[in-house]
2 protein chains.
Amino acid sequence: MNKIEIFKALSNETRLNIIEWLKEPEKNFPPQGEHFDYSIDLKGGVCVGSICDKAGISQSTISHYLDILQKADLLLAERHGKWTYYRRNEETLAEMAEYFNREI
Amino acid sequence: MNKIEIFKALSNETRLNIIEWLKEPEKNFPPQGEHFDYSIDLKGGVCVGSICDKAGISQSTISHYLDILQKADLLLAERHGKWTYYRRNEETLAEMAEYFNREI
DNA sequence: TTATTATATCCATTTATCTCGATATGTCAA
DNA sequence: TTGACATATCGAGATAAATGGATATAATAA
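Rules of the game
Residues numbered from 1 in each chain as written. Chains lettered and ligands numbered in written order. Predicted model: local features only at pLDDT ≥ 70, side-chain atom pairs only at ≥ 80, totals over all residues. Heavy atoms only, no water. Phe/Tyr/Trp six-rings, centres within 6.5 Å; stacked < 30°, edge-to-face > 60°. Helix = DSSP H or I, 4+ residues; strand = E, 2+ residues; numbered from the N terminus. Buried < 20%, exposed > 50% of the residue type's maximum accessible area, 1.4 Å probe, protein only. Lys NZ or Arg CZ within 6 Å of the ring centre and 35° of its normal. Near = heavy atom within 4 Å. Polar contact = N/O pair within 3.5 Å; in protein donor to acceptor, adjacent residues only side chain to side chain. Nonpolar A, V, L, I, M, F, W, Y, C, P; charged D, E, K, R; others polar. Pairing = 2+ DSSP bridges. Disulfide = S-S within 2.5 Å. Patch = residues over 30% accessible without salt bridge, like charges linked within 9 Å, V, L, I, M, F, W, Y side chains within 5 Å. Areas by Shrake-Rupley, 256 points an atom, 1.4 Å probe, with all protein chains shown as cover. Salt bridge = Lys/Arg side-chain N within 4 Å of Asp/Glu carboxyl O. Lys, Arg positive; Asp, Glu negative; His and termini not counted. Charge placed at Lys NZ, Arg CZ, Asp CG, Glu CD.

Caption draft 1: Geometry of the packing of aromatic side chains. Under the defined criterion, the tally for this structure stands at 14 aromatic pairs over all chains. A centroid spacing of 6.2 Å and a plane angle of 85° characterise the contact between Phe7 of chain B and Phe100 of chain B, whose relative ring orientation is edge-to-face. Of the two residues, Phe7 of chain B is situated in helix 1 (residues 3-10) and Phe100 of chain B in helix 6 (residues 90-103); the sequence distance between them amounts to 93 residues. Across the pair, Phe100 of chain B and Phe7 of chain B agree in class, each one buried. Where Phe36 of chain B meets Trp83 of chain B, the ring centres are 5.8 Å apart and the plane angle is 80°; that geometry is what we call edge-to-face. Remark: Trp83 of chain B occurs in strand 3 (residues 83-88) and Phe36 of chain B occurs in the loop between helix 3 (25-28) and strand 1 (46-47); sequence separation between them is 47 residues. You can call Phe36 of chain B buried: its relative accessible area is 14%. For Trp83 of chain B, a relative accessible area of 24% puts it in the partly exposed group. An aromatic cluster of at least three residues, connected via ring pairs, comprises Phe7, Tyr99 and Phe100 of chain A together with Phe7, Tyr99 and Phe100 of chain B. Positioned over the ring face of Tyr65 of chain A is Arg15 of chain A, at 5.0 Å from the centre of the ring.

Put into structure tokens, the structure is as follows:
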């Protein structure tokens, strides 16, 4: 767990929003994966387009932000067809909360 | 509590170290305030010079870092004579831990 | 195969951060 | 009042981050 990288990733309003939004994806985003006729467990993941719409920021910037969050291990990505679904990496987030409680 | 400003302030190895070091000042720094013949409660505060020595970074940079941490409400400063003593602002740190536990 | 859609990557410009040496300011001691 | 010391501020060059448009890649649909 790279704390500096994590703090940097969270040092941006939009990126922090993304993390918070993804805590309750069904509340903050439209239903996902309705294109598929077969059933897939998206595990709460949300596609890039939905995040762009919500954030109101260009697609290239959002894609870059998601990459930053993923590299910091704050998000997990899973591709299904044309879509990439991003969801929170609860493991790192829990470690981070614990670090805050313990060391900070 | 400005979360973005706080995350930015913590996004630097040395600044994060300072926050951690100041959790146990007597363990991480030499005794403070021995110059004074009268008694002052420094509340665990440490002077800039001691922090410079510990961090091995230039005085101007440390002073700037302390300013960044203070502006983010992570540190409190108190001047006594020639010296400025910095200590943690436990209130903000506790709020931040709570935010992490609740929202993140 | 081709057209279309979703996402990722590239490139460039602007803005912010890092870090230092030099200097200013504030405080005390002689 | 001067000198010495602790800290703060200034100015600058180097590096990194922010952001978007254009384009590439990947996957599907026609």
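Read on for the rest.
Caption draft 2: Here's a closer look at the protein's contact with DNA strand D. Taken together, 21 residues form the shell around DNA strand D, and within it His64 and Tyr65 of chain A together with Gly49, Gln59 and Tyr86 of chain B come nearest. By atom count, sugar and phosphate contribute 64% of the portion of DNA strand D lying within 4 Å of the protein. Side-chain polar atom of Asn12 of chain A to a phosphate oxygen of DNA strand D: 3.4 Å apart, as the coordinates give it. Note that a sugar or linking oxygen of DNA strand D is positioned 3.2 Å from one of the side-chain N or O atoms of Thr84 of chain B. Only helix 5 (59-71) of chain A together with helix 4 (48-55), helix 5 (59-71) and strand 3 of chain B provide two or more residues apiece to the surface near DNA strand D. For the surface near DNA strand D, the element with the highest residue contribution is helix 5 of chain A, accounting for 4 residues. Across the surface near DNA strand D, the residue classes break down as 6 nonpolar, 11 polar and 4 charged.

Caption draft 3: Structural context of unusual backbone geometry. All names here are of chain B. Even without being glycine, Lys43 reaches a positive phi, approximately 55°. Secondary-structure assignment places Lys43 in the loop between helix 3 and strand 1. Even without glycine at this site, Asp73 takes up a positive phi of about 65°. Mapped onto the elements, Asp73 comes out in the loop between helix 5 and strand 2 (75-80). For Asp73, a relative accessible area of 42% gives the class partly exposed.

Caption draft 4: Structural context of the protein's contact with DNA strand C. Around DNA strand C sit 21 residues, and of these Gly49, Gln59 and Tyr86 of chain A together with His64 and Tyr65 of chain B come closest. In DNA strand C, atoms within 4 Å of the protein come from the sugar-phosphate backbone in 64% of cases. Side-chain polar atom of Thr84 of chain A to a sugar or linking oxygen of DNA strand C: 3.2 Å apart, as the coordinates give it. Between Asn12 of chain B and DNA strand C, the recorded distance is 3.4 Å, taken from a side-chain N or O atom to a phosphate oxygen. If you list the elements that add at least two residues to the surface near DNA strand C, you get helix 4 (48-55), helix 5 and strand 3 (83-88) of chain A together with helix 5 of chain B. In terms of residue count, the dominant contributor to the surface near DNA strand C is helix 5 of chain B (4 residues).

Caption draft 5: Spatial organisation of the pairing of strand 2 of chain B. Residues and elements named next belong to chain B. Note that strand 2 and strand 3 share 6 bridges and pair antiparallel. Paired with His80 across the strands is Trp83, a residue of strand 3. Between strand 2 and strand 3, which follow one another and run antiparallel, lie 2 residues, and Gly81 among them has a positive phi close to 65°.

Caption draft 6: Looking closely at the state of the cysteines. Taken as a whole and assessed by the stated rule, the structure comprises 0 disulfides over all chains. Of all cysteine sulfurs in the structure, the one in Cys52 of chain A sits closest to Cys47 of chain A, which takes part in no disulfide; the separation is 8.7 Å.

Caption draft 7: Spotlight on a negative patch on the surface. On the surface, Glu5, Asp73, Glu91 and Glu95 of chain A cluster together to form a negatively charged patch. You can see Glu91 of chain A is positioned in helix 6 (residues 90-103).

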